[in-house]
Structures are given as structure tokens and as C-alpha cells.
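Geometric and topological summary
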Amino acid sequence: IDHLDDDQVDSTDFDAFDSNAADTALEQLDRMLGNLSDVHLRGLGREFLSDDDFLNQFRLATAAVSNHHAYPGGLLRHTVDLMELCTIIGPRYERIDVDRLVFGAFLHDLGKIEEISPSGEMSYTDRGQLVGHIVIGIQLLGDMIGRYERRTEESFPSELRMHLEHMIVSHHGQLEYGSPRLPATIEAIALHHIDNLDAKVTSFTSLIESDLANDENWTSYQPSIGRKLWKKQ
């Protein structure tokens with residue numbers, strides 16, 4: 001084994017989500033936020049998309065250190081996939097405000113931009129350890145609402161802000177999983193379960209694709225989930 005210096009390695013050779021995929025995902029994000037009917041949510045989405053620093057961080061952010069979407073760009077992939085699922089599932093239930101649900105999906109994990117360092121060996125930042133992505137996400141939302149109000153010279157609806165905040169703080173679904181509040185609105189309940197669906201399917205798929213067992217039908221026993229997985233397509 002030879003040791004190589006950083007300048008001898010092209011890190012993009014190991015990317016699970018390359019720049020072309022990021023460009024495509026950002027185009028999808030721009031389209032979904034631009035298609036929102038709610039003028040306030042559409043305007044708030046513009047604040048995020050016009051912030052180059054935010055977009056540069058978002059392109060590289062990971063959604064986790066070791067579970068689902070644990071690679072640079074994973075947060076963007078997870079977020080866009082989740083928003084698309086919300087546009088499909090949301091209209092099935094007449095009590096759901098689909099615009100609110102889709103925007104909640106956009107917001108729910110944005111605090112991970114500052115919680116996890118995507119460079120080198122992925123790890124939690126000091127702020128991530130001390131504050132966590134839920135609180136960071138609430139602060140980021142507040143900053144962007146402030147920009148929206150300064151640009152438009154009008155107040156962002158306080159009740160809408162409260163519902164967006166609730167989706168962020170409740171999306172883990174249970175107090176023991178880190179949510180300071182249980183989901184109490186129909187949009188928050190839907191977001192939690194759709195988020196869990198995408199995370200679980202993606203996580204299990206990664207276990208199957210990385211399995212080295214010789215059995216063509218089953219993975220080796222996976223201690224993290226307490227079972228083997230069927231892997232033959």
C-alpha cells in the first residue's frame with residue numbers, strides 16, 4: 001500500500017453524487033419551489049435559492065455521517081427526493097396543505113449544512129455537537145425570513161412561520177429520537193413518515209449494494225437492523 005498526498009488524488013473519482021447530478025437536483029429544486037402556489041412560500045424559497053453561499057454548502061452537504069445519504073451531496077439528493085414524494089403523496093389527502101408539506105420537506109434537514117462536515121472523513125462539527133441540526137435549521141429559517149421581510153418590506157405570516165417551525169422541530173417523530181415536539185399537524189405527521197420512508201429505503205438499499213456475501217439471494221447478517229436482507233432482483 002502506497003500513501004498518496006492529497007494533491008495526487010482526485011476526490012471526484014469516489015463521489016456517489018457528482019457535480020452533474022447536483023446541477024440536475026438543483027434544477028428540480030428550483031422548479032418545485034417556483035411552482036408553489038403560496039406567494040409567501042414561493043418568495044421565501046427565492047431567498048434560499050438566491051444565496052450563493054447557501055447553495056454552495058447545500059451542494060456538498062451530507063445527510064448523515066453513517067446512515068442514509070451519507071456522502072457529499074446526500075442532503076441535496078434526500079431533500080429533492082423527499083419533496084417529490086410530497087408532491088405525489090400530499091394531494092391524496094384533502095386536509096394536507098401540499099405547498100406547506102413540500103416546503104417543510106425542503107426545510108427539515110437544512111441545519112445539517114452546519115451540523116456535519118462533508119470534507120475528509122465526515123464528522124460532526126463543534127456546532128453540530130453542541131447545538132444540532134434542528135436548532136440550526138430554525139435559526140436558518142429565521143435568517144431567511146428576515147431577508148424576505150427586508151426585500152419585500154412586508155411581514156411574513158406569523159402562523160405560516162409557526163407551522164414551518166413545527167415541521168422542523170417534530171420531523172423525527174418521537175421525543176427519544178431528538179424531536180423536542182411530537183408532530184401535531186397533519187403536514188408534520190405526513191412529513192415524518194415520508195422522511196422515514198425515504199431514509200429507510202435508501203439505507204437498506206445501501207446495505208444491499210455494499211454487501212460482500214457470496215450468497216446471491218441474501219446479504220450477510222446486518223447487526224444494525226437485526227436481520228439479513230433479500231438482495232436478488
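Residues numbered from 1 in each chain as written. Predicted model: local features only at pLDDT ≥ 70, side-chain atom pairs only at ≥ 80, totals over all residues. Heavy atoms only, no water.

Remarks on the nonpolar core
In globular proteins that are soluble, nonpolar side chains generally tend to be buried together. Operational definition: Each nonpolar core is a collection of buried residues, namely Ala, Val, Leu, Ile, Met, Phe, Trp, Tyr and Cys, held together in the definition by side-chain atoms within 4.5 Å. In this scheme, a residue with accessible area under 20% of its type's maximum is buried, one over 50% is exposed, and one in between is partly exposed, where area comes from a 1.4 Å probe on protein chains only. A helix here means a DSSP run of H or I that spans at least four residues, while a strand means a run of E at least two residues long, and both kinds are numbered starting from the N terminus. The contact criterion used is simple: two residues touch if any of their non-hydrogen atoms lie within 4.5 Å.
Ranked by size, the top nonpolar core spans 47 residues in total, and within it L44, F48, F54, F103, F106 and L164 carry the most contacts. Those elements that provide at least two residues to this core are helix 1 (19-34), helix 2 (39-49), helix 3 (52-60), helix 4 (74-89), helix 5 (98-107), helix 8 (133-152), helix 9 (158-170) and helix 10 (186-209). Sequence-distant contacts of F48, defined by excluding residues within four places in its chain, comprise F54, L55, F103, F106, L107, L110, L140 and M144.

Examining helix 3
The following threshold applies: Note: the arc covers the axis-to-C-beta directions of the helix. In protein, a polar contact requires one atom able to donate a hydrogen and another able to accept it; more generally it is a pair of N or O atoms within 3.5 Å, and residues adjacent in sequence count only if both atoms are side-chain atoms.
For helix 3, the full list of buried residues reads F54, L55 and F58. Taken end-on, helix 3 shows its buried residues confined to a sector of 95°, consistent with a single buried face. Residues of helix 3 that are exposed and point over 90 degrees away from its buried face: D52 and D53. Capping the start of helix 3, D51 holds a side-chain oxygen 3.0 Å from the backbone nitrogen of D53, two or three residues further along.

Considerations on a nonpolar patch on the surface
In plain terms, the rule: Each patch is built from salt-bridge-free residues with over 30% relative accessible area, joining like charges within 9 Å and nonpolar side chains (Val, Leu, Ile, Met, Phe, Trp, Tyr) within 5 Å. Computed with a 1.4 Å probe, the accessible areas rest on the Shrake-Rupley method; for each residue, only the protein chains presented here act as cover. In what follows, salt bridge is the name for a side-chain nitrogen of Lys or Arg lying within 4 Å of a carboxyl oxygen of Asp or Glu.
On the surface, L130, V131 and V135 cluster together to form a nonpolar patch covering roughly 280 Å² of accessible area. Among the secondary structure elements, V135 is positioned in helix 8.

Let's talk about the packing of helix 5 against helix 10
To keep it simple, the criterion reads: Note on geometry: axes are C-alpha line fits, over the in-contact stretch for helices, and angles between N-to-C directions span 0 to 180 degrees. Roughly parallel means an angle under 35 degrees; roughly antiparallel, over 145; roughly perpendicular, 65 to 115; everything else is oblique. When the near helix sits turned anticlockwise from the far one by under a right angle, the crossing is termed left-handed; a clockwise turn instead gives a right-handed crossing. Amino acid classes used here: Ala, Val, Leu, Ile, Met, Phe, Trp, Tyr, Cys and Pro are nonpolar; Asp, Glu, Lys and Arg are charged; the rest, including Gly, are polar.
For the pair helix 5 and helix 10, the least separation of the axes is 10 Å and the interaxial angle reads 45°. When the axis of helix 5 is compared with that of helix 10, the two are oblique. Like other packed secondary-structure pairs, helix 5 and helix 10 cross with a definite hand, here right-handed. Where helix 5 abuts helix 10, its residues R100, L101, G104 and A105 lie against E187, A190, L191 and I194. Here the contact of helix 5 with helix 10 is composed, by residue class, of 5 nonpolar, 1 polar and 2 charged.

Thoughts on the packing of helix 5 against helix 9
At their nearest, the axes of helix 5 and helix 9 sit 9 Å apart, and the two run at 50° to each other. Classified by the angle between their axes, helix 5 and helix 9 sit oblique to one another. The element helix 5 and its partner helix 9 pack so that their crossing is right-handed. Across from R100, L101, F103, G104 and L107 in helix 5, the residues of helix 9 making contact are L160, H163, L164, M167 and I168. A per-class count over the contact of helix 5 with helix 9 returns 7 nonpolar, 2 polar and 1 charged.

Observations regarding helix 10
For the record, the criterion: Under the convention used throughout, the expected extent of a helix is 1.5 Å for every residue step, that is, one less than its residue count.
With 24 residues, helix 10 extends 35 Å from end C-alpha to end C-alpha; this agrees with the ideal 34 Å at 1.5 Å per step. Restricting attention to buried positions, one finds in helix 10 the residues E187, A188, A190, L191, H192, I194, D195, D198, A199, T202, S203 and L207. Residues of helix 10 that are buried in the fold lie against helix 4, helix 5 and helix 9.

Brief notes about the side chain of E187
The condition that has to hold: The sign given to each residue is positive for Lys and Arg and negative for Asp and Glu; His and the chain ends receive no count.
Within the secondary structure layout, E187 lies in helix 10. No salt bridge forms around the buried E187; measuring N to O, its nearest opposite-charge neighbour R100 is 4.5 Å away. When residues no more than four places from it in sequence are discounted, the contact partners of E187 are R95, I96, D97, R100, L101 and M167.

Structural notes on the environment of L207
Structurally, L207 is set in helix 10. Overall, the relative accessible area of 19% leaves L207 in the buried class. Taking the C-alpha atoms as reference points, L207 and T219, separated by 12 residues in sequence, lie 8.2 Å from one another.

Let's talk about unusual backbone geometry
Even without being glycine, E153 reaches a positive phi, approximately 60°. Note that E153 resides in the loop between helix 8 and helix 9.

Considerations on the packing of aromatic side chains
Short version of the rule: Classification of ring pairs uses Phe, Tyr and Trp, with its six-membered ring standing for Trp, and accepts pairs whose centres are within 6.5 Å; under 30 degrees between planes counts as stacked, over 60 as edge-to-face, and the remaining range as tilted. Note on geometry: a ring has a charge over it if NZ (lysine) or CZ (arginine) is within 6 Å of the ring centre and within 35 degrees of the ring normal.
This model, assessed by the stated rule, comprises 9 aromatic pairs. For the pair F54 and F106, a centre-to-centre distance of 6.5 Å together with 80° between the ring planes defines the contact as edge-to-face. Of the two residues, F54 sits in helix 3 while F106 sits in helix 5, which places them 52 residues apart along the sequence. Centre to centre, the rings of W218 and W230 are 5.3 Å apart; their planes meet at 85°, and the pair counts as edge-to-face. Of the two residues, W218 is situated in the segment after helix 10 and W230 in the segment after helix 10; the sequence distance between them amounts to 12 residues. Taking the relative accessible area as the measure of exposure, W230 reaches 46% and is therefore partly exposed. Clustering of aromatic rings is evident, with ring pairs tying together F48, F54, F58, F103 and F106. In this structure, R92 is placed above the aromatic ring of Y93, and the distance from its NZ or CZ to the ring centre is 5.5 Å.

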